[in-house]
Amino acid sequence: MARVTSGWQLSLSLAELLGLTIWIGGLAVILTTVIPAVFNTLEMEQGGRFLRRVFAGYNNLTSGIVVLLLSTAALRTWKVQHTPDCILSVSRKEWVLLSSLVLVTGLIVFFLGPRAIELQEAAFSAQTQEAKKTAYDAFFRTHMIVRALHLINAGIAVTLLFIKFQQWLKKRAAFGFD
């Protein structure tokens, strides 16, 4: 079968796959390599401050990938409506997963992440043991939710990546990879 997709369709598809792979791989590296190395090397307060910067960078990265995924989905939706030979329509599953990524990323970046940072700073600056314990308890409760949301987001990203790979394989001939 001859190649029927345009270069933009292939480029968008590759950008989406790359973005999702970086999202998933980035979290895997942080969880399996960076966090253990930090806490095996640095004091808790110093390590906490360092990891706060690591996750700030990771959150910026995932926010950028969300923008990329939403932009490519919007462009694909627009192209399907205006170009009859466009093969990369956005499925309902993709929209649900993208909406979930937006929601969970927004919760992490705009609400719970900043709250966890405030609580962490309060714990670091507490003067008495009792105040430190109370502040750390509050921090770890919020931090546990943020960690869970990062894992949920990674699961959503893996699911979306799986769906995109399935689409890619079903339509590989259209990309000229028969």
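Predicted model only: the values in this text are computed from it and were never measured.

### Brief notes about the side chain of Asn153
Within the secondary structure layout, Asn153 lies in helix α4 (residues 129–170). A residue is classified by how much of its surface remains accessible, and Asn153, at 3% relative accessible area, is buried. Side-chain polar atoms of Asn153 contact the side chain of Thr105, separated by 2.9 Å.

### As for the nonpolar core
Counting residues in hydrophobic clusters, the biggest one holds 35 residues, and the most contacted among them are Leu20, Trp23, Tyr58, Leu69, Leu101 and Leu160. For this core, the secondary structure elements donating two or more residues are α1 (7–41), α2 (44–82), α3 (92–125) and α4. Among the elements that make up this core, the one with the highest residue count is α4 (13 residues).

### Digging into the pattern of salt bridges
Side-chain pairing between opposite charges can occur once the charged atoms of the two side chains come close. Scanning all chains against the criterion turns up nine salt bridges. One salt bridge in this structure joins Arg115 and Glu118, with 3.1 Å as the shortest N-O distance. A residue pair is termed a helical-turn pair when its members lie 3 or 4 positions apart in one helix, as Arg115 and Glu118 do in helix α3 at three residues. With a relative accessible area of 42%, Arg115 lands in the partly exposed category. Lys133 is the partner of Asp137 in a salt bridge, and the nearest nitrogen-oxygen pair spans 3.0 Å.

### Focus on the environment of Ile108
Mapped onto the fold, Ile108 is located in helix α3. On the accessibility criterion, Ile108 (3% relative accessible area) is buried. For the pair Ile108 and Gly26, spaced 82 residues apart in sequence, the C-alpha separation works out to 16 Å. Excluding anything up to four places from it in sequence, Ile108 contacts Asn59, Gly113, Pro114, Val146, Leu149, His150 and Asn153.

Definitions and limits used
Residues numbered from 1 in each chain as written. Predicted model: local features only at pLDDT ≥ 70, side-chain atom pairs only at ≥ 80, totals over all residues. Heavy atoms only, no water. Helix = DSSP H or I, 4+ residues; strand = E, 2+ residues; numbered from the N terminus. Buried < 20%, exposed > 50% of the residue type's maximum accessible area, 1.4 Å probe, protein only. Polar contact = N/O pair within 3.5 Å; in protein donor to acceptor, adjacent residues only side chain to side chain. Core = buried A, V, L, I, M, F, W, Y, C linked by side-chain atoms within 4.5 Å. Salt bridge = Lys/Arg side-chain N within 4 Å of Asp/Glu carboxyl O. Contact = heavy atoms within 4.5 Å.

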